[in-house]
Each structure stands twice: as C-alpha cells, then as structure tokens.
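Survey of secondary and tertiary structure
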Amino acid sequence: MTAAVADPEPAVFAALADPTRWRLLGTLARQGEGTATTLAAELPISRPAVIKHLVVLDRAGLVTRRRAGREVRYRVEPARLEQTARQIAGLAAAWDTRLAALKALAEDG
Amino acid sequence: MTAETDRIESDVLIAAPVERVWALITRADHLGRWFGNAGAEVDLRPGGALSLRWSDFGTFHGRVEAVEPPHRVAYRWLSRRESREEPTPANSTLIEFTLAAEGDGTRVAVVESGFDALDVDTEERAAALASHTSGWTSELGELADYAAQVPAAR
C-alpha cells in the first residue's frame, strides 16, 4: 500500500486503529466534553485504561484537554478528524483508482 | 463501529473478455502501466519474482503466489520500498485477483489482505492501516460533523 501513499499521519492512524479507542472517541463526541470518569461510566473499561487511551488520542491531536479545577476535561478535535477522513478517503481509493486504470486499458484495446 | 483492518476489497466490471483482462493482470508490460506506472517484471509461476515500478515512489518487489489461468492470480508484495527480502506475512501483503465472466464482460475482484500481521515501522504500518474500508471514512466524517456541532465550551 505504501506505493500510493502521500503524506501519512502515523500517530493518527495508529490511534484510530484500536477499536476501543475508536469507541471512546465516539462516546466523547456524544458527551461533548468528558472526563476519564464520565467516559469510564459508559465504556466497558476501567478509568485508568480510559486515561491511557486518552493520552494516545491527545498525542495524535484527536482530542484537546483543559484543566477545570481538579478535573481534566477532554473534547474531540473535529478539524483533525476531518483532515484524517480526507486522507483515508484518498488512501482507500488506491485500489479503485488502479482498477479504473485497468478497466480503461482493457476497454481501449 | 470501527472497521476491518486486515483487508481491503474492491471490484470492477470491465467490458472486455476474461482472456484479455487476464493478460492485463499477469503480463509485465501491462502491469507496469496500470498498477505501477514505470514498468514491471513478472515471472508468472508460483514462487516467481515480481517487481513494480513507480516514477515517483520507486520499486516494490514481491513474489507470485498462485496462478490459475484465466481466473485467479495472487501476488505477495513487500511493504517496504526497494526491499528485496523474502516476502513473509510480517513484511508483505497478499493481493488476489479473481476474474469471472459477467455478460459480455469480466468482473475483476481484488482483495489485498494481511495488514494486521505486518511488522513494519510506524510510518509503513500507518500507511497500511490507512487502507481501512471506505465505510470507516464516512464514519469518521460523521463523527467529525457530530463533534463540530457540539458547543465549544459548557
């Protein structure tokens, strides 16, 4: 696949590849702003596990965090997700593009 | 939610006979035009060597895994550019083409699989992961839209 890849975002893809993190991100999007505690309440994983995943998402720029008193509140960073969605669309299209080229060549001849 | 991470599938209906399409997916002069864009070499027998060249990405090597004319051919290609290692599940993915007559044309299905078993560096792994199904893309887009609607502060 690397052949057709332009400018991948390793941290983002790695962060999204994990099903638990993906689910956590969806839960956070629904909550709007959440803490490790509110997220753990809705997910089948412990609060420390939530924190671990939030660190990965934060590092990838997929969530932002702010401190409010003793809590750290997280939210999804939409711009980063949109950018990633655009990149993935381009990458997933690699085979469609190749098959279109194959089709054109076959039908020309 | 989330997605299949191990494989990517696609197919296309081509208005040409199976034999012609078979030639296009197994002959080096053709592979070097629609798959690579700067040439290819292929020794079309199980275990035979495969090379695909791109003018802007360089050369990717691989191996022919299966040849069943004119309906199925499978190649394994190395994820690392210019690598000439022996292809294994840890360093390569499997590409399988299946051809079937459909009306006057040919249905070509391609499955590229083995992304989960890749043991390559982060960037290459990311590139491989990026070939998630397109369904994943729309879900990401929906999630982004959803997240954007939520007020910035409460």
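Just so you know, these numbers come straight off a predicted model, no measurement behind them.

1. Notes on the packing of helix H2 (residues 19-31) of chain A against helix H4 (residues 47-59) of chain A
Residues and elements named next belong to chain A. At a minimum axis separation of 10 Å, H2 and H4 run at an interaxial angle of 85 degrees. Classified by the interaxial angle, the pair formed by H2 and H4 is roughly perpendicular. Across from Thr20, Arg21, Leu24 and Leu25 in H2, the residues of H4 making contact are Val50, His53, Leu54, Val56 and Leu57. Residues that form the contact of H2 with H4 fall into these classes: six nonpolar, two polar and one charged.

2. Structural notes on helix H6 (residues 94-108) of chain A
Residue and element names in this part refer to chain A. With 15 residues, H6 extends 21 Å from end C-alpha to end C-alpha; this agrees with the ideal 21 Å at 1.5 Å per step. Restricting attention to buried positions, one finds in H6 the residues Ala94, Trp95, Arg98, Leu99, Leu102, Leu105 and Ala106. The buried side chains of H6 occupy one side of the element, clustering within an arc of 125 degrees when seen end-on. For H6, the exposed residues set more than 90 degrees away from the buried face come down to Thr97 and Asp108.

3. Things to note about the pattern of salt bridges
All names here are of chain B. Enumeration over the complete set of coordinates arrives at 12 salt bridges over all chains. In this structure, the salt-bridge partner of glutamate 41 is arginine 53, at a minimum N-O distance of 3.0 Å. Placement of the pair is glutamate 41 in strand E2 (residues 40-42) and arginine 53 in strand E3 (residues 49-54), with a sequence separation of 12 residues. On the basis of relative accessible area, glutamate 41 is assigned to the partly exposed category, the value being 42%. The partly exposed category is assigned to arginine 53, whose relative accessible area is 27%. Three or more residues are tied together by salt bridges with common partners; here these are Asp11, Glu102 and Arg107.

4. Structural notes on the side chain of B:Thr59
Residues and elements named next belong to chain B. Here threonine 59 shows up in strand E4 (residues 58-68). Judged by its relative accessible area of 11%, threonine 59 is buried. Beyond its immediate sequence surroundings of up to four residues, threonine 59 is in contact with Ser51, Leu52, Arg53, Arg81 and Glu82.

5. A word on the packing of aromatic side chains
All names here are of chain B. Counted according to the given criterion, the structure contains eight aromatic pairs over all chains. Between the aromatic rings of tryptophan 54 and tryptophan 77, the centroid separation amounts to 5.9 Å while the plane-to-plane angle is 35 degrees, which identifies the pairing as tilted. Residue tryptophan 54 is found in strand E3, and its partner tryptophan 77 is found in strand E5 (residues 72-78); the two are separated by 23 residues along the sequence. Of the two residues examined, tryptophan 54 and tryptophan 77, each falls in the buried class. Joined through ring pairs, the aromatic side chains of Trp34, Phe35, Trp54, Phe60, Tyr75, Trp77 and Phe97 make up one cluster.

Quick notes on the rules
- Residues numbered from 1 in each chain as written.
- Chains lettered and ligands numbered in written order.
- Predicted model: local features only at pLDDT ≥ 70, side-chain atom pairs only at ≥ 80, totals over all residues.
- Heavy atoms only, no water.
- Axes fitted to C-alpha atoms, helices over the stretch in contact; angles between N-to-C directions.
- Helix = DSSP H or I, 4+ residues; strand = E, 2+ residues; numbered from the N terminus.
- Parallel < 35°, antiparallel > 145°, perpendicular 65-115°, else oblique.
- Contact = heavy atoms within 4.5 Å.
- Nonpolar A, V, L, I, M, F, W, Y, C, P; charged D, E, K, R; others polar.
- Expected span 1.5 Å × (residues − 1).
- Buried < 20%, exposed > 50% of the residue type's maximum accessible area, 1.4 Å probe, protein only.
- Arc of directions from axis to C-beta.
- Salt bridge = Lys/Arg side-chain N within 4 Å of Asp/Glu carboxyl O.
- Phe/Tyr/Trp six-rings, centres within 6.5 Å; stacked < 30°, edge-to-face > 60°.

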